[in-house]
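# Descriptive structure summary
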Amino acid sequence: MEINFRVSGRIAKPVEEVFEAVADPAQLSQYFTTGGAKGRLETGATVMWDFHDFPGAFPVEVIEVVPNKKIVLEWPGHEAESGEIGAKGRDGDYRTTVTMLFKPTDDGRTLVEIVEEGWRETAEALRGSYMNCEGWTGVILALKAWVEHGINLRQGLYK
């Protein structure tokens with residue numbers, strides 16, 4: 001059994017604007033990385049992401065960036081204990097791969113798809129994947145609110 005998931009959503013802005021809101025650390029820090037992002041998402045870069053709901057900045061490896069089309073990241077895998085609500089920290093002894101795809105639609109919007117894969121085949125890893133699936137769904141919603149309306153949905157949510 002391979003553990004992975006795919007979430008998606010449409011944002012009523014052109015691909016270039018949506019892509020830039022993800023690649024630019026100043027914008028990413030406004031709606032996603034509640035503790036801040038350091039470093040632009042560019043092929044071969046290592047950036048730092050920090051979250052109030054997942055304390056402690058950690059490195060994110062940027063594997064591939066195709067401007068306005070795709071961003072591929074690797075970051076430490078997270079496994080959750082049974083009954084865990086929220087995150088206690090990243091295990092860090094293996095990595096999962098996150099692929100973000102940006103596709104223009106016929107009506108001028110952007111379809112954003114996020115796939116994460118590479119967890120171990122354990123109950124704890126499966127629970128961790130559920131938590132990340134929920135998280136990436138929230139990111140797409142927060143990205144939509146930020147790019148379309150300039151609203152930070154996560155502001156004050158975790159701290």
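Residues numbered from 1 in each chain as written. Predicted model: local features only at pLDDT ≥ 70, side-chain atom pairs only at ≥ 80, totals over all residues. Heavy atoms only, no water.

## Describing the pattern of salt bridges
- Going through the model one piece at a time under the given rule, you end up with 11 salt bridges.
- With its nearest N and O atoms 3.9 Å apart, the salt bridge here joins E42 to R40.
- Residue R40 is classed as partly exposed on the basis of its relative accessible area of 31%.
- Between D107 and R109 there is a salt bridge, with the nearest N and O atoms lying 2.9 Å from each other.
- In this structure R109 comes out as partly exposed when scored by relative accessible area, which is 30%. (Salt bridge = Lys/Arg side-chain N within 4 Å of Asp/Glu carboxyl O. Buried < 20%, exposed > 50% of the residue type's maximum accessible area, 1.4 Å probe, protein only.)

## Observations concerning unusual backbone geometry
- Even without glycine at this site, N68 takes up a positive phi of about 65°.
- As for its placement among the helices and strands, N68 is situated in the loop between β4 (58-66) and β5 (70-76). (Helix = DSSP H or I, 4+ residues; strand = E, 2+ residues; numbered from the N terminus.)

## Digging into the side chain of E116
- Tracing the chain through its elements places E116 in strand β7 (residues 110-117).
- With relative accessibility at 0%, the residue E116 sits in the buried group.
- Side chain to side chain, E116 and W75 meet in a polar contact 2.8 Å long.
- Here the side chain of E116 touches N132 through a polar contact of 3.2 Å, side chain to side chain.
- With sequence-adjacent residues up to four places away left out, E116 is seen in contact with I3, N4, F5, W75, T96, T97, V98, N132 and W136. (Polar contact = N/O pair within 3.5 Å; in protein donor to acceptor, adjacent residues only side chain to side chain. Contact = heavy atoms within 4.5 Å.)

## Side note on the confidence of the model for the protein
- Scored by pLDDT, the protein comes out at a mean of 89, with 91% of its residues at no less than 70.
- Low pLDDT (under 50) marks residues 85-90, which in the prediction has 16 contacts with non-local residues, meaning those over four places away or in another chain. (pLDDT = per-residue confidence, 0-100.)

## Regarding the packing of helix α1 (residues 15-23) against helix α3 (residues 123-149)
- Across the interface, α1 lies against α3 with an axial gap of 10 Å and an inter-helix angle of 120°. Comparing the axis directions of α1 and α3 gives the class oblique. In the packing of α1 onto α3, the handedness of the crossing is right-handed. In this structure, α1 uses E17, V18, A21 and V22 to contact α3, whose residues at the interface are L143, W146 and V147.
- By residue class, the composition of the contact of α1 with α3 is six nonpolar, no polar and one charged. (Axes fitted to C-alpha atoms, helices over the stretch in contact; angles between N-to-C directions. Parallel < 35°, antiparallel > 145°, perpendicular 65-115°, else oblique. Left-handed = near helix turned anticlockwise from the far one by under 90°. Nonpolar A, V, L, I, M, F, W, Y, C, P; charged D, E, K, R; others polar.)

## What to know about the sheet that holds strand β3 (residues 46-50)
- Here we have seven strands laid out as an open sheet, ordered β1-β7-β6-β5-β4-β3-β2, and antiparallel in their pairing. Strands at the two margins of the open sheet, each flanked by one partner only, are β1 (4-11) and β2 (36-38). Going across the sheet, the axis of each strand differs from the next one's by a mean of 20°, ignoring polarity.
- Alignment of β4 against β5, held across five bridges, turns out to be antiparallel. For E64, the partnering residue across the bridge sits in β5 and is V72.
- Sheet strands in contact with α1 are β1, β4, β5, β6 (95-104) and β7, and its direction is about 155° off that of β6.
- The sheet strands contacting α3 are β1, β3, β5, β6 and β7, and the helix crosses β1 at an angle near 10°. (Pairing = 2+ DSSP bridges.)

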